[in-house]
Amino acid sequence: MRIVLDLQACQTSSRFRGIGRYSLSLAKAVARNPGPHEVWLALNGFLGDTVMPLRQAFDGLVPPERILVYSVPGPMAENEPANRWRARASELVREQALADIAPDFVHIASHFEGWIDDAVTSIGALDAGMATAATFYDLIPLKHAETHLGSAPHKEWYLRKLDSLKKAELFLAISDYSRFEAISTLEIPSDRVVNISAGVDEKFRKLQIPETERNELFRRYGIFRPFLLYTGNLDPHKNLQGAIKAFAALSREVRRAHQLVIVSQMDGRNRGKLQKLVKSLGMGESEVILTGFVPESDLVRLYNLCKVFVFPSLYEGFGLPALEAMACGAPTIGSNATSIPEVIGRNDALFDPTSTKSMADAMQQVLMDEGFRESLRVHACSRSSRFSWDAVAQRAVEAMEDKAKTGLSSKRYSLQVTADARYAALLQKIPLFSSALHPADFDLRSLAASISLNDCSQSKRQILVDVSALAVRDAKTGIQRVVRSILGHLLADPPPGFIIEPVYGADCGFYRYAHRFLRGFQGLDHDLGEDFPVDARRGDIFLGLDLSAHLFPVFRPVLENFQRVGVKSCFLVYDLIPVLYPHWFPKGMSAVFSNWLEAVSAHADSLLCISASVADEVRQWLQRKRVDRTDLNIGYFHLGADIDNSVPTRGVPDNAEKELKRLSDSPTFLMVGTIEPRKSHAQVVAAFEKLWASGVEANLVIVGKAGWNMEPFTESLHGHPERGKRLHWMEGISDEYLERVYRISSALIAASEAEGFGLPLIEAAQHKLPVIARDIPVFREVAGEHAFYFNGRSPEELARALRDWMALDQVDSIPRSDSLPWMTWRQSTQQLLAFLLDPIGRQDNKQTDQEDYCHPGVSKVVS
């Protein structure tokens, strides 16, 4: 079966209460105990802030691709009358989104959500043929309507939800008492109601708490005497006022020797009411402690340290706090009402919650009778061990299995009904309520957008390729050559089941389809349409191919949304040079790059580096920043070198033939790359000045545009006495012309002090051009033994190295690049796709044949 767990109870304010804890624990246990079944999660995308914590909570339990984040046209909290049309529409949209993934069973963790929160639950609103199981907690609002359903609209909402709940094929009751209520009060047939009970999380356990830690905890909450503990909400049925009155009724000596500690989140009004009650009973403020909200870690310690836990509730579906306290070894007493006896499991630990005397007598006995108290402590550990979430989950799954065997297959036609038919049914349903509730134009647009975002029925998924810099201007940098090359091959040969869509970051803070750019890039003569905003859905992939650090931090929310809805994102990391060497860059560039790197390391699924050296630097940076993401894949691949297949730029100057002939008459040394501080152009030019002064006849050709922080140097190039003679600066030449310059050159000089890869080394090897490279790790990685390496930053040291190379060249002993392994851009793109489509499966990094050279290396981030 395919079991879909609707976890809105873990997204609304219920997540701070017992319902939320129950729902999360049950869902995790079902994910741990699926049997032969497939477990999915369904999350409400409108409650977006809660999506990532839940994704992380289920990391390793539910594959990310089985987490459906559906869009609904909110807001839809029904305590606001203006939201009610959207609430009805959202019910239909949610059911359609769920039906599209063809579940056998949808489990609703809490059906009564959506009054004060933007949640939406329904059963059979669309009649999509899905079988539904719902956790059934209690009927407290129905039986205590005067305190829980204070207004007519609230009561109407609750009764409508109750009618909807009755359509569920299966009620998963949390206790025998809860099961009895469903059968007797709601008249649900007994074969549709199963008691799955509850469990206790392993974090609720006995602890050895050091004295210093205990003292600090007590100081924080104002505890200085042995104490009775209560935790829960302040609803009237919890009978907290009864517990306070019973505590006040203890003998003066006993009461003065203890404190009553109440752990409950409360506003100022409720706090004032309780303080007023305490004062009216003749007690001081220190006798009854109102802690307010307490972190779960503190709550566990309070359970462990209390002298007794008291649970005075008049009505419970189960009574989870009592079980948690018992799991921590707390002697526990509670009401003899509803489900609480099932939890405590001992008659002499029960009292009449409607009787102050009965409750006070029970408190007095457990506080003063050490033997009785110790027996309750032993009983607590024994009793709580019988409640296991794994057993609860197994009972739930078995109940769904049994129900499926009894004829539900005839209902499950969502697989047989086409998506178009379900869409038509949805549109037919909307007019049934829209005329009465009067949707605004905005509501209709929101509805259309939600339906579109939820529609994953397209035959092909999108790979959204970021070309944000290239789409604005082709600066002919090395990175843009990479973008052109890989994009060209992706467009020419997309992976099966995918369509390639170039996109760019727009000023308004979202991505647009780069249709205008694509027309020019591919030379198309037909209109692809406008540059509409990107419509990204679960299952799509975003590839950060271009370096678009300038978009951040403005675009960080876009990545967060991709992460929430299930769009996988992978970013290429070309290098970390602006972060590691900020002094080489214009002011502010390091901060811009850091913003980008922090955003992608926090929200991307994968980082793909262009060399193993960069991948190592990324891992080290993440460790320094204490980024601990076990789900972040880091890999690397190598770039291609065949310029003819890199969507090359075209065009050569009119005097090209004459210029190339003149260069080929003497040894010509070539530098390729933007003129910027790290490239060491100044050292190379100064070294050649020394060679020329000593009578060496050789040309130095610099190919690359002027970069930043190099104005004095580039001015000196323009006015250099050897300019146009033995020194040649070719600014912004085309790939076609660069290809011809490679052919007539004698050697490539790669003098950069830091690089991400070193593409010119590979391009030189393709032309069998010898390589003279600075001895840095990435050049060793790329060129291995096929290059001549030098060290030192002074012109004299480089001049000596060049003389040594020339001497070796005279005797034909220089390292040859002929056998340096290099890839085509097609092979490089295949490597990228192998990582992109299966980042975890490609963990070998073995060199095999030319086609598979240097499979991407993959690792996880571990701090």
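Described in the following lines is the structure provided in the data block. (Residues numbered from 1 in each chain as written. Predicted model: local features only at pLDDT ≥ 70, side-chain atom pairs only at ≥ 80, totals over all residues. Heavy atoms only, no water.)

Moving on to the nonpolar core. In summary, soluble globular proteins display a tendency toward joint burial of nonpolar side chains. Counting 142 residues, the largest nonpolar core has Ile 333 and Met 363 as the members making the most contacts within it. Of all hydrophobic cores here, the second largest spans 66 residues; its members include Leu 670, Ile 733, Leu 769 and Ile 776. (Core = buried A, V, L, I, M, F, W, Y, C linked by side-chain atoms within 4.5 Å. Buried < 20%, exposed > 50% of the residue type's maximum accessible area, 1.4 Å probe, protein only.)

Another point: the sheet that holds strand β1 (residues 2–6). Overall, parallel pairing links the seven strands, which are arranged β3-β2-β1-β4-β5-β6-β7 in an open sheet. Each of the sheet's edge strands pairs with one partner strand only, and the pair in question is β3 (67–70) and β7 (193–195). Between one strand axis and the next, the sheet turns through 25° on average, direction left out of account. As defined by bridge partners, β1 adjoins strand β4 (residues 105–108) across four bridges and the pair is classed as parallel. Residue pairing for β4: Leu 5 is matched across the bridge by His 107. (Pairing = 2+ DSSP bridges. Helix = DSSP H or I, 4+ residues; strand = E, 2+ residues; numbered from the N terminus. Axes fitted to C-alpha atoms, helices over the stretch in contact; angles between N-to-C directions.)

Now for the packing of aromatic side chains. A complete count under the given rule lists 25 aromatic pairs for this structure. Centroid distance Trp 115 to Trp 157: 5.7 Å. Interplanar angle 45°. Geometry classified as tilted. Of this pair, Trp 115 sits in the loop between β4 and β5 (131–136) while Trp 157 is found in helix α6 (residues 152–165), placing the two residues 42 residues apart along the sequence. Its relative accessible area of 6% is what places Trp 157 among the buried residues. Their ring planes at 75° and their centres at 6.3 Å tell us that Phe 571 and Trp 596 sit as a pair that is edge-to-face. With Phe 571 in strand β18 (residues 568–573) and Trp 596 in helix α25 (residues 589–603), this pair connects stretches of sequence that are 25 residues apart. Each member of the pair, Phe 571 as well as Trp 596, is classed as buried. Put simply, the rings of Tyr 511, Phe 542, Phe 555, Phe 562, Phe 571, Phe 593 and Trp 596 pair up and form one aromatic cluster. Here the basic side chain of Arg 780 rests over the ring of Tyr 789, its NZ or CZ set 3.8 Å away from the ring centre. (Phe/Tyr/Trp six-rings, centres within 6.5 Å; stacked < 30°, edge-to-face > 60°. Lys NZ or Arg CZ within 6 Å of the ring centre and 35° of its normal.)

Below, the discussion takes up the pairing of strand β22 (residues 699–703). Of all five residues making up β22, five are buried, and the element is well covered by its neighbours. Side chains Asn 699, Val 701 and Val 703 project from β22 onto one buried face, and the interleaved Leu 700 and Ile 702 project onto a second face that is buried too. Here strand β21 (residues 668–672) runs beside β22; their pairing, made up of five bridges, is parallel. Counted as the bridge partner of Thr 668 is Asn 699 from β22. Since β21 and β22 lie parallel, the crossover through helix α28 (residues 681–693) that links them has a hand, and here it is right-handed. Looking at chain direction, β22 and strand β23 (residues 727–730) are connected through four bridges and run parallel. Across the sheet, the residue bridging to Val 703 is Met 730, located in β23. Handedness of the β22-helix α29 (residues 711–718)-β23 crossover: right-handed. (Right-handed = clockwise from strand over helix to strand, strands pointing away.)

Going through the model one piece at a time under the given rule, you end up with two cavities of 30 Å³ or more. Of the voids in this model, the largest cavity is the one considered here, and its volume is about 40 Å³. Lining the largest cavity are Leu 5, Leu 7, Ser 23, Leu 26, Ala 27, His 107, Ala 109 and Thr 135. Examining the composition of the lining of the largest cavity, we find that three residues originate from one element, helix α1 (residues 18–32), more than from any other. By residue class, the composition of the lining of the largest cavity is five nonpolar, three polar and no charged. Broken down by element, the residue count for the lining of the second largest cavity peaks at three residues, all from helix α3 (residues 84–99). Grouping the amino acids of the lining of the second largest cavity by side-chain chemistry returns four nonpolar, one polar and five charged. (1 Å grid on protein atoms, 1.4 Å probe; cavity = no way out; pocket = protein on both sides within 12 Å on 5 of 7 lines; lining within 4 Å. Points joined across faces, edges and corners; volume = space filled by probe spheres on them. Nonpolar A, V, L, I, M, F, W, Y, C, P; charged D, E, K, R; others polar.)

Look at the link from Gly 74 to Pro 75: it is a cis peptide, with omega at 5°. You can see Pro 75 is positioned in the loop between β3 and α3. Going from Phe 552 to Pro 553, the amide bond is cis rather than trans, its omega being 15°. Looking at the secondary structure, you find Pro 553 in the loop between β17 (541–544) and α23 (556–565). Despite not being glycine, Thr 338 has its phi angle at roughly 50°, a positive value. Take Thr 338: it is sitting in the loop between β12 (332–335) and α14 (340–344). We note that Lys 768 has phi near 60°; this positive angle belongs to a residue other than glycine.

Contact pair α3 / helix α20 (residues 441–454): the axes reach a minimum separation of 10 Å and the direction vectors enclose 10°. When the axis of α3 is compared with that of α20, the two are roughly parallel. Side by side, α3 and α20 meet where Trp 85, Arg 86, Ala 89, Val 93, Gln 96 and Ala 97 of the first sit next to Asp 443, Leu 444, Leu 447, Ser 450, Ile 451 and Asn 454 of the second. Its residues assigned to classes, the contact of α3 with α20 shows seven nonpolar, three polar and two charged. (Parallel < 35°, antiparallel > 145°, perpendicular 65-115°, else oblique. Contact = heavy atoms within 4.5 Å.)

The next subject is the side chain of Gln 8. Inspection of the secondary structure assignment puts Gln 8 in the loop between β1 and α1. Polar contacts involving the side chain of Gln 8 include one to the side chain of Tyr 70, which spans 3.2 Å. Not counting chain neighbours up to four residues away, the residues in contact with Gln 8 comprise Asn 44, Tyr 70, Arg 94, Ala 119, Val 120 and Thr 121. (Polar contact = N/O pair within 3.5 Å; in protein donor to acceptor, adjacent residues only side chain to side chain.)

The subject of this paragraph is the pattern of salt bridges. Applying the stated criterion to the full structure yields 45 salt bridges. With its nearest N and O atoms 3.1 Å apart, the salt bridge here joins Asp 631 to Arg 629. We classify Asp 631 as partly exposed; its relative accessible area is 31%. Note that Asp 812 is salt-bridged to Arg 816, the shortest N-O span being 2.3 Å. Note on Asp 812: relative accessible area 54%, which makes it exposed. Accessibility expressed as a relative area gives 37% for Arg 816, which makes it partly exposed. Taken together, the salt bridges that share partners define one network made up of Glu 78, Arg 88, Glu 91 and Arg 160. (Salt bridge = Lys/Arg side-chain N within 4 Å of Asp/Glu carboxyl O.)

As a further point, take α28. The terminal C-alpha atoms of α28, which comprises 13 residues, lie 18 Å apart, in line with the 18 Å expected from a rise of 1.5 Å per residue. Here α28 has its buried residues at His 681, Gln 683, Val 684, Val 685, Ala 686, Ala 687, Phe 688, Leu 691 and Trp 692. Of the residues flanking the end of α28, it is Gly 695, one or two places downstream, whose phi is positive at about 95°. (Expected span 1.5 Å × (residues − 1).)

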